[in-house]
Protein chains: 4
Amino acid sequence: MSEIKSDIQIAREAKMQPIKDILSKIDVPDENFAFSPMGRHIAKINLEYLDTLKNKNGKLILVTAITPTPAGEGKTTTSVGLNDGLNKIGKKSIVCLREPSLGPSFGMKGGAAGGGYAQVVPMEQINLHFTGDFHAITSAHNLLSALIDNHIYWGNKLNIDVRRVVWRRVMDMNDRSLRSIIVDLGGVANGYPRQDSFDITVASELMAIFCLATDLKDLENRIGNITIGYTRDKQAIYAKDLNAQGPMTVLLKEAIRPNVTQTLENNPAIIHGGPFANIAHGCNSVIATKAGLKLADYVVTEAGFGADLGAEKFLDIKCRKSGLKPDCVVIVATIRALKMHGGVAKEDLKKENLPALKEGMVNLRRHINNIRKFGLPVTVAINHFITDTENEMKSLLDFCETQGVKASKCSHWSNGSEGTIELAKNVIEICEDKKDTFKFLYEKYIALVK
Amino acid sequence: MSEIKSDIQIAREAKMQPIKDILSKIDVPDENFAFSPMGRHIAKINLEYLDTLKNKNGKLILVTAITPTPAGEGKTTTSVGLNDGLNKIGKKSIVCLREPSLGPSFGMKGGAAGGGYAQVVPMEQINLHFTGDFHAITSAHNLLSALIDNHIYWGNKLNIDVRRVVWRRVMDMNDRSLRSIIVDLGGVANGYPRQDSFDITVASELMAIFCLATDLKDLENRIGNITIGYTRDKQAIYAKDLNAQGPMTVLLKEAIRPNVTQTLENNPAIIHGGPFANIAHGCNSVIATKAGLKLADYVVTEAGFGADLGAEKFLDIKCRKSGLKPDCVVIVATIRALKMHGGVAKEDLKKENLPALKEGMVNLRRHINNIRKFGLPVTVAINHFITDTENEMKSLLDFCETQGVKASKCSHWSNGSEGTIELAKNVIEICEDKKDTFKFLYEKYIALVK
Amino acid sequence: MSEIKSDIQIAREAKMQPIKDILSKIDVPDENFAFSPMGRHIAKINLEYLDTLKNKNGKLILVTAITPTPAGEGKTTTSVGLNDGLNKIGKKSIVCLREPSLGPSFGMKGGAAGGGYAQVVPMEQINLHFTGDFHAITSAHNLLSALIDNHIYWGNKLNIDVRRVVWRRVMDMNDRSLRSIIVDLGGVANGYPRQDSFDITVASELMAIFCLATDLKDLENRIGNITIGYTRDKQAIYAKDLNAQGPMTVLLKEAIRPNVTQTLENNPAIIHGGPFANIAHGCNSVIATKAGLKLADYVVTEAGFGADLGAEKFLDIKCRKSGLKPDCVVIVATIRALKMHGGVAKEDLKKENLPALKEGMVNLRRHINNIRKFGLPVTVAINHFITDTENEMKSLLDFCETQGVKASKCSHWSNGSEGTIELAKNVIEICEDKKDTFKFLYEKYIALVK
Amino acid sequence: MSEIKSDIQIAREAKMQPIKDILSKIDVPDENFAFSPMGRHIAKINLEYLDTLKNKNGKLILVTAITPTPAGEGKTTTSVGLNDGLNKIGKKSIVCLREPSLGPSFGMKGGAAGGGYAQVVPMEQINLHFTGDFHAITSAHNLLSALIDNHIYWGNKLNIDVRRVVWRRVMDMNDRSLRSIIVDLGGVANGYPRQDSFDITVASELMAIFCLATDLKDLENRIGNITIGYTRDKQAIYAKDLNAQGPMTVLLKEAIRPNVTQTLENNPAIIHGGPFANIAHGCNSVIATKAGLKLADYVVTEAGFGADLGAEKFLDIKCRKSGLKPDCVVIVATIRALKMHGGVAKEDLKKENLPALKEGMVNLRRHINNIRKFGLPVTVAINHFITDTENEMKSLLDFCETQGVKASKCSHWSNGSEGTIELAKNVIEICEDKKDTFKFLYEKYIALVK
């Protein structure tokens, strides 16, 4: 393993281009009106500039995956690699990703900027404060908390029941100490004691709203409609009842502008927004995805977790709310993970095991069928690991053929764009061929549970 | 009053120049090595670039004031105005100011970017998230808190007494609800319950350390030496015992770089750091002030509150720790405030009242004498208000003469640099003439209390 | 209803006899060695005196009931009435009851001293502080709590994990405010903060222990074995690790002595101990029941809730632990309650409804069969209400006959002992005839769940 | 020291007489109307019986002391000894004492039943639950707490500000964990969170009220007037606003009856009530003292702490509120304590030290003069210790003579009544001679501080 470079080594050796040069590839002029540099390699695009652009009817490619395992599947890495592959074969393509959370970065999860030779850079800025978007969301979120307690303190005209305040506080930090707290102690001068909690910032409802908003005005409206708690009589109280939406939106007016960075191969990458996939919808912002569709012909984006959870939320929440429609869905699978689904322990994954692989393929099949229920065409990206054997790879490719799905062996992690040319071609073929057959499953579901 | 423009109106009408043009005035090249743009009108100067510059032996001018009153004295406004005045008469001058705190900005205190025609811009960015420095300090501060509770949770090898943790949490928000809280509730999975508190970020010891550090290495050392609490046996425990200094410093490596903005008259202004004046030393960062002295011939800076408190801390803490020596001290006074010290109620300040003014002058005299005890030359800036009468102005100027102090009527608030030309000339005269007579009073004091 | 007297009216009109006269009926001499008067109508019998008595092989009669409804069944009332009935027909009989809890008495449940003409007196003392037994249990319980926190405060040699203290505090009060609290706040001088709770005294494990103990020494041993919490490594810590059992037992040495009062018909009644039936075993003390068996030929006692829950606990916990064996089981039923089980709403219970009554009889049948599984003979006491119709009574009596069970209409509530003569005779018949067929179901159950 | 018996040994060897025999010495008949036995050696006298007695104009003797030291002075012991001495010389005398608190008894202070051969018995009952008076006060106190939180829970019509509830909870236990707590946690079902505290029962305002009340009706009125908290607008809210006074008084109707016990020499002793001397007035109940004055010719009673604090409260609070007037004041002093006041360390007290004794006498002189300011005649009881030397005793007696005060060497601790005959004679002489010169200092003080 000594000759293999770590992600951070590769990232630090990146030959980054000035962000204005990256932006000029997608025809964004170096003007104050168009973007603001945030350092030399990151920029925030202005919403006013985006408003002047016509929609290019670019193709939207959703990257999702089989059910996640501790072995790792590589959704972000494949998204970045596919974007580089598309650019490699001459397509104007952008990848749209989520911003990583500082909390888990300092915890166990590690960064969220891809890996190997399929990364976005500058890695360290992206993984730390980046352009301050999450800090702004944290501030706006906690401003609402302060306004709530302040309202209670100064007479509580809205009759907020201190036991029924549902708007908790947030911090961009993994801090279990703040999960269950009591605030407003210390006597008459401070406030009315109540039980409270800090969530991690990415779990904030404001983060979800931020990622679904279509512009600042829409964001302000959505903020106003946040339920902050209830009266003793269980009547809902909203953020707008506290006139909180105005100042909260002011705190978010820089954050709302999408951030542009680059891949290791100097192709543009938008990184913007990042709601938790387990409790919120787990996708980058609608504003970012739509910006991508105005700036490039292909937009690669990803959704959290497996296709049953993350892609479902992408399709039934993000698409439904925003009018977006994917043209192609890529399901990322690894031989390692499929073997794990087939019952192999993590420490035995390096050994060839065809029966277990076959056993695990049912997971892949199910995700393929899930996506087909949405009327969407699917292709499979097999994210290659050095320990995968020829037999295993052949077995998986054969299986996909029996399912009527094109599958490609992808080696972007070690080879960059060279490793995703086949995948890129498959994707283009699907996109060219595409009929508009997309349908939400949400309405069906709602009808079902009624 | 209808024809008088508000601060924000004036700020929004500002004809800002690109920040690279402002920086070129002080010979900073538009290179990645020298600075990073943060938008089009703000930049962060690289410490590595500053290291390549020789010290110019620039003159350091401290702006302080009489004892503050609700009437307002205008220290920041006068600092900005003086900087514009010095530039106006052909001097290469920079003003070094503190960053405003988001907390009080959303509370009652309003921004901290000067006023009238003596402001720094872009005002709104400066008053909101600016370049994220305070967010970074908040994150680093709270990371230490999380590490403390995490250490206790995982066996508490250091025997931290949960009742004796003195490192509280911070938030850049005026939120009285968080003044007295209990954390780590919710059972075994969360932690060991303890009483805690959130301070406002500017009150963090980390903010004070940040502003006294001379470079990243020094910052890391200072962080390591923070006392976070005590054992049951009252033995101190330090941040370095938790290996916290490394990750905390990583979180501060962008924030440590001084921010450059401009005045309304397009002269350079450094805004960096901002510890609370009431509990910490209340000055901008040592790194910023030293950067100013490398980049310009004159550096105007200010200290919090009156000369007895703010200037004393500047001289006995910031100067003593950093080796800085002021060449001239400007004491800002207003006729309104002096009348208030003379017993006039706020609502009667508009009426001429010579006896009260005289009564109040003892306050000014005392501050003049205080500064002289440090061996420093003084000049007085009378920050003019429209309601000041000719008689009052004459009376005050005469008084200063009896004290052997040059005083100048300053009208920068309404006239910009035109209004501080006389003050600028006085300051230059003092600086030219300067002998090195500065002495700390701190050692005397320490001797006294022993 | 105006001519019907309330329970408290009837109780206040009672012609009580001096307690020494009541005691002389069961041959207890008026000597300090035998008993201590607690006022003129209550006494505490000395354990040392009881030790001198031989066991009379008295008969033990357990009173239980069908599944409880809001309509009320009258278990205590029937126990008191049956005791009076037995005495009426010339048998030496004692009733053994639980002490009422002050908490619910001041809340909603009302007293627990029977009703109508089948009550124990003096009612008010019994329902308020009585002889202070529950106060003593409260004190002993909370002494252990104080010792735990004190131990933690003074160095915590046992390594008690403050998050894993399972010994909560108690108060003899219905006070929901104390259900979830945080204690040990206020800084270094007070203690190590932790989450705690107050239970109602009757829910204390100490109350259960108190009622199962056979003497003071046994009580002390049982107290020593209480688990008070766990170390961080989940090792159990016991009360004896804190040497708490000695002082706790001292506080209980008066309380352990059974209290003797009288019924309205001046027959002896022992009232002693009172663990919650829903969480503990819900019977009066073993010491009291055994005292009864030494002092009289018949002992009537009751168990909480229905036969499935209360009688089961009596038989499988109290009897198994103490060696007691009941000779006869009385199941109390009311026509009202059976109709309710048959689906009738509370407000319609006054109307005759034979189909519903039949529907509800399955409940009674099930309880009869449950008791038979223990190998015990059963008789049914139909607690008569004025609104019961002839047809209903006949239907129920016929049903019992089909089940092979003697049933008696009982009117003790309005007629005192006259109303239970038939029941008393049935009970005696069963007792005379009794073969020793009693078996625990507990061992079977344990075998089953293994 | 081996031949010296401990207090508890002496107490256990006491030849107690039946309480009815003790009561017959003061002409109380053995009837239900007159008293209730609480065991064989304690009785509660009925208030209805006392109402039938005429006032005997008995003499009231207050026992107080010099400023307390860790050496101990022996106020209770001297009170008991003096009572025995008065009975010895043929006077009908009763001693009225405070009930000991269970809390400190299990803590450090030890019992409060006198010592040596001047004790009240049965010692163990007195020091543990006694007749349950403090349990009743605890219950009544906490019932009010529960009513407050219950009122807030059910709509809070009185607008009680949860931050301004001043009625804390109590427990008869030394438990520092409960000094600062938070209650009403756990969500909507429990209540509105607030900071609270448990005091020790003897510190309850209810205990003070209980001891100042003249009868049940007066007690109920006083309870109704308790301030339980304030509205947000700082309007006081009273217990009567919650209709709490009725049920609270019901809980106290047994407790209000004075408890009669006996001394080791079988003389009657009333022990009733016990408010903390440091925060409340620190004397037994008014009802007990007045009962004493009806039942005997001499009533010996004590007040907490030294004459400056305890006697002052007795005279200015208890006497002022109740109309009682002492006829004689006994100041207890020990040579050990006076030497301690003179600067001798505790471990050196056994050595003769005349200069230190003289130095310490100023303390005694001051207390004598303090009492004289009330217009009251004083005598000094020198509570003898074996280590006191002849010279020291002579020096102290001489000093008292110079102050115009009769002083007696008292050896009741080792000799019982034989040791206080001289003191008893002095007291009688003063009482016979007595003119009504008593005056309160309270009004003077109030005038002074106005």
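Each remark here, short or long, concerns the structure printed above.
In this report, we go over the structure that sits alongside the text. Along each chain, residues carry numbers from 1 onward, in the same order as the chain's sequence is written. Just so you know, chain letters begin at A and ligand numbers begin at 1, following the order they were written in. The predicted nature of this model means local features are confined to residues of pLDDT at least 70 and side-chain atom pairs, given and counted, to a pLDDT of 80 or more, with totals for whole chains, interfaces and linings taken over all residues. Hydrogens and water are ignored here; the side-chain numbers use all heavy atoms of the structure.

A separate point is the overall build of chain A. Strands here are runs of E lasting at least two residues and helices are runs of H or I lasting at least four, both read from the DSSP assignment and numbered beginning at the N terminus. Across its full length, chain A holds 18 helices and 19 strands. All radius of gyration figures rest on C-alpha atoms, and the globule criterion is 2.2 Å times the number of residues raised to 0.38. Taking 2.2 N^0.38 as the reference for a compact globule, 450 residues should give roughly 22 Å; the C-alpha atoms of chain A span a radius of gyration of 23 Å, in line with that estimate. For every residue, the accessible area (1.4 Å probe, protein chains only) is compared with the maximum for its type, and the residue is labelled buried under 20%, exposed over 50%, or partly exposed between those bounds. Put simply, chain A has 450 residues, and 61% of those count as buried. Note on definitions: a residue-residue contact is assigned when non-hydrogen atoms from the two residues lie within 4.5 Å. Excluding contacts between residues fewer than 6 apart, the proportion of contacts in chain A whose partners are at least 24 apart in sequence is 74%. In the form shown here, chain A has an accessible surface area of approximately 17,300 Å², with 50% of it arising from carbon and sulfur atoms. Between the averaged position of the 57 positive side-chain charges in chain A and that of its 51 negative side-chain charges there is a distance of 3 Å. Each accessible area is a Shrake-Rupley estimate made with a 1.4 Å probe; only the visible protein chains count as cover when residues are assessed. When charges are counted, Lys and Arg are positive and Asp and Glu negative, with His and the chain ends excluded. The atoms used to mark charge sites are NZ of Lys, CZ of Arg, CG of Asp and CD of Glu.

In this section: the pattern of salt bridges. Definition used for salt bridges: Asp or Glu carboxyl oxygen within 4 Å of a side-chain nitrogen of Lys or Arg. Tallied over the entire structure, the rule returns 92 salt bridges over all chains. Linking Arg12(A) and Glu124(A) is a salt bridge whose minimum nitrogen-to-oxygen distance equals 2.8 Å. Separated by 112 residues along the polypeptide, Arg12(A) in helix α1 (residues 7–12) and Glu124(A) in helix α6 (residues 123–127) bring together distant segments of the chain. Taking the relative accessible area as the measure of exposure, Glu124(A) reaches 29% and is therefore partly exposed. One salt bridge connects Lys394(C) with Asp398(C), and the closest N-O pair in it is separated by 2.7 Å. Placement of the pair is Lys394(C) and Asp398(C) together in helix α15 (residues 390–402), with a separation of four residues, close to one helical turn. When salt bridges with common partners are traced through the structure, they connect Asp149(A), Arg169(A), Arg194(A), Asp196(A) and Asp175(B) into a single cluster.

This part covers the packing of helix α14 (residues 354–373) of chain D against helix α15 (residues 390–402) of chain D. All names here are of chain D. Axis separation between α14 and α15 bottoms out at 11 Å; the angle between their running directions is 35°. As α14 packs across α15, the resulting crossing turns out to be right-handed. Residues Leu354, Leu357, Lys358, Met361, Leu364 and Arg365 of α14 form the contact with α15, whose participating residues are Asn391, Glu392, Ser395, Leu396, Phe399 and Cys400. For the contact of α14 with α15, the residue count by class is seven nonpolar, two polar and three charged. With axes taken as lines fitted to C-alpha atoms, and helix axes fitted only over the stretch in contact, angles between N-to-C directions fall between 0 and 180 degrees. Whether a crossing is left-handed or right-handed is set by the direction in which the near helix is turned from the far one by less than a right angle, anticlockwise for left-handed and clockwise for right-handed. Put simply, Ala, Val, Leu, Ile, Met, Phe, Trp, Tyr, Cys and Pro go in the nonpolar bin, Asp, Glu, Lys and Arg in the charged bin, and everything else, Gly too, in the polar bin.

All names here are of chain A. For two strands to be treated as a pair, DSSP must find at least two bridges joining them. Spatially, three strands are ordered β7-β12-β13 in an open sheet, and the strand pairing comes out antiparallel. The open sheet terminates on both sides in strands that have one partner only, identified here as β7 (160–165) and β13 (236–238). Strand-to-strand, the axes of this sheet are offset by a mean angle of 50°, without reference to chain direction. Two elements, strand β12 (residues 227–231) and β13, share three bridges in a ladder whose sense is antiparallel. In the sheet register, threonine 227 faces β13, and the bridge partner there is tyrosine 238.

Quick look at the environment of Leu82(B) now. Residues and elements named next belong to chain B. Within the secondary structure, leucine 82 is located in helix α4 (residues 75–88). The exposure class of leucine 82 is buried, given its relative accessible area of 0%. With 218 residues separating them along the chain, leucine 82 and valine 300 place their C-alpha atoms 7.5 Å apart. With sequence-adjacent residues up to four places away left out, leucine 82 is seen in contact with Ile61, Val63, Val300, Val330, Thr420, Leu423, Ala424 and Val427.

This part covers the side chain of Asp172(B). Residues and elements named next belong to chain B. When you line up the elements, aspartate 172 lands in the loop between β8 (169–171) and β9 (181–183). We call two N or O atoms a polar contact when they sit within 3.5 Å, provided that within protein one can donate a hydrogen and the other can accept it, with sequence-adjacent residues counted only if both atoms are side-chain atoms. Here serine 101 takes part through its side chain, which lies 3.1 Å from a polar atom of the side chain of aspartate 172. At a separation of 3.4 Å, a polar atom in the side chain of aspartate 172 contacts the main-chain amide nitrogen of leucine 102.

Taken together, the contact pairs 49 residues of chain A with 50 residues of chain B. Each of two parts loses accessible area, computed with a 1.4 Å probe, when they are put together; buried area is these two losses added. Between chain A and chain B lies a buried interface of about 4,100 Å² when both sides are counted; carbon and sulfur atoms form 60% of it. For the pair chain A and chain B, the interface holds four salt bridges. For the pair chain A and chain B, the interface holds 23 residue pairs in polar contact (both at pLDDT 80 or more).

It is worth spelling out unusual backbone geometry at this point. Comment: phi is negative for the bulk of residues other than glycine, and the bulk of peptide bonds are trans. Residue Pro122(A) is reached from Val121(A) by a cis peptide bond, and omega for that bond is 5°. Counting through the fold element by element, Pro122(A) comes out in the loop between β6 (118–121) and α6. In this model, Asp184(B) sits at a positive phi of 70°, which is unusual for a non-glycine residue. Its location among the elements puts Asp184(B) in the loop between β9 and β10 (194–196).

What follows deals with the relation of the copies chain A and chain B. A least-squares fit on C-alpha atoms brings the copies together, and the residues used are those whose pLDDT is at least 70 in both copies. Mapping chain A onto chain B calls for a rotation angle of 180° and an axial translation of 0.0 Å; the resulting RMSD is 0.0 Å. Such values leave the two copies arranged in the relation of a two-fold axis. Relative to the rotation axis, the C-alpha of Met38(A) is the closest in chain A, positioned 2.2 Å from it. A high fraction, 100%, of the interface residues of chain A reappear at the interface in chain B, so the copies pair face to face through one surface.

A word on the packing of aromatic side chains. Ring pairs are drawn from Phe, Tyr and Trp, using the six-membered ring of Trp, whenever the two centres fall within 6.5 Å, and their geometry is named by plane angle: stacked under 30 degrees, edge-to-face over 60, tilted for the rest. Going through the model one piece at a time under the given rule, you end up with 14 aromatic pairs over all chains. With a centroid separation of 6.3 Å and 85° between ring planes, the pair formed by Phe33(A) and Tyr49(A) is classed as edge-to-face. Separated by 16 residues along the polypeptide, Phe33(A) in the loop between α2 (19–25) and β1 (35–37) and Tyr49(A) in helix α3 (residues 47–51) bring together distant segments of the chain. Overall, Tyr49(A) belongs to the buried group, its relative accessible area being 8%. Relative to Trp154(D), the ring of Tyr153(D) lies with its centre 5.0 Å away and its plane at 85°, an arrangement referred to as edge-to-face. Assessed through its relative accessible area of 18%, Tyr153(D) is described here as buried. Our definition puts a charge over a ring when NZ of Lys or CZ of Arg is within 6 Å of the ring centre and also within 35 degrees of the ring normal. One residue, Arg176(A), lies across the ring of Tyr153(B), its end atom 3.9 Å from the ring centre.

A few words on a positive patch on the surface. All names here are of chain A. Every patch collects residues that have over 30% relative accessible area and no salt bridge, joining them within 9 Å if they carry like charges and within 5 Å if they are nonpolar side chains (Val, Leu, Ile, Met, Phe, Trp, Tyr). Together, Arg366, Lys373, Lys439 and Lys444 make up a region of like positive charge exposed at the surface. Here arginine 366 shows up in helix α14 (residues 354–373). On the basis of relative accessibility, which here comes to 53%, the residue arginine 366 falls in the exposed class.

A cluster of nonpolar side chains, namely Tyr445(A), Leu448(A) and Val449(A), defines an oily patch on the protein surface of about 360 Å² accessible area. Mapping Tyr445(A) onto the fold places it in helix α18 (residues 442–449).

Turning to the side chain of Ser177(C), a few remarks are in order. Within the element layout of this structure, Ser177(C) appears in the loop between β8 (169–171) and β9 (181–183). Looking at Ser177(C), the relative accessible area reads 1%, which means it is buried. Every residue in contact with Ser177(C), bar those within four places of it in the chain, is listed here: Asp149(D), Arg169(D), Val183(D) and Asp184(D).

Take the pairing of strand β15 (residues 268–271) of chain A next. Residues and elements named next belong to chain A. Judged by which residues are buried, β15 turns out to be covered on both faces: Pro268 and Ile270 on one side and Ala269 and Ile271 on the other are all buried. By the bridge criterion, three bridges tie strand β4 (residues 93–97) to β15 in an arrangement that is parallel. By the bridge assignment for β15, valine 95 is matched with alanine 269. Hairpin connection from strand β14 (residues 259–263) to β15: four residues lie between these consecutive antiparallel strands, with asparagine 266 at a positive phi of about 65°.

All names here are of chain B. Within strand β17 (residues 328–333), six of the six residues are buried, which leaves it mostly tucked inside the rest of the structure. Every second residue of β17 is oriented toward a common face, with Cys328, Val330 and Val332 on one face and Val329, Ile331 and Ala333 on the other, all of them buried. Bridge count for β17 against strand β18 (residues 378–383) is five bridges, and the pairing is parallel. Paired with valine 330 across the bridge in β18 is threonine 379.

Looking now at the packing of helix α12 (residues 307–322) of chain B against helix α14 (residues 354–373) of chain B. Residues and elements named next belong to chain B. Where α12 meets α14, the axes come as close as 10 Å, and the angle between the chain directions of the two elements is 20°. Classified by the interaxial angle, the pair formed by α12 and α14 is roughly parallel. In the crossing of α12 with α14, the sense of the turn from one axis to the other is right-handed. Residue-level contacts link Ala307, Asp308 and Ala311 of α12 to His367, Asn370 and Ile371 of α14. Residue classes in the contact of α12 with α14 are distributed as three nonpolar, two polar and one charged. Here the word oblique covers every angle except those under 35 degrees (roughly parallel), over 145 (roughly antiparallel) and from 65 to 115 (roughly perpendicular).

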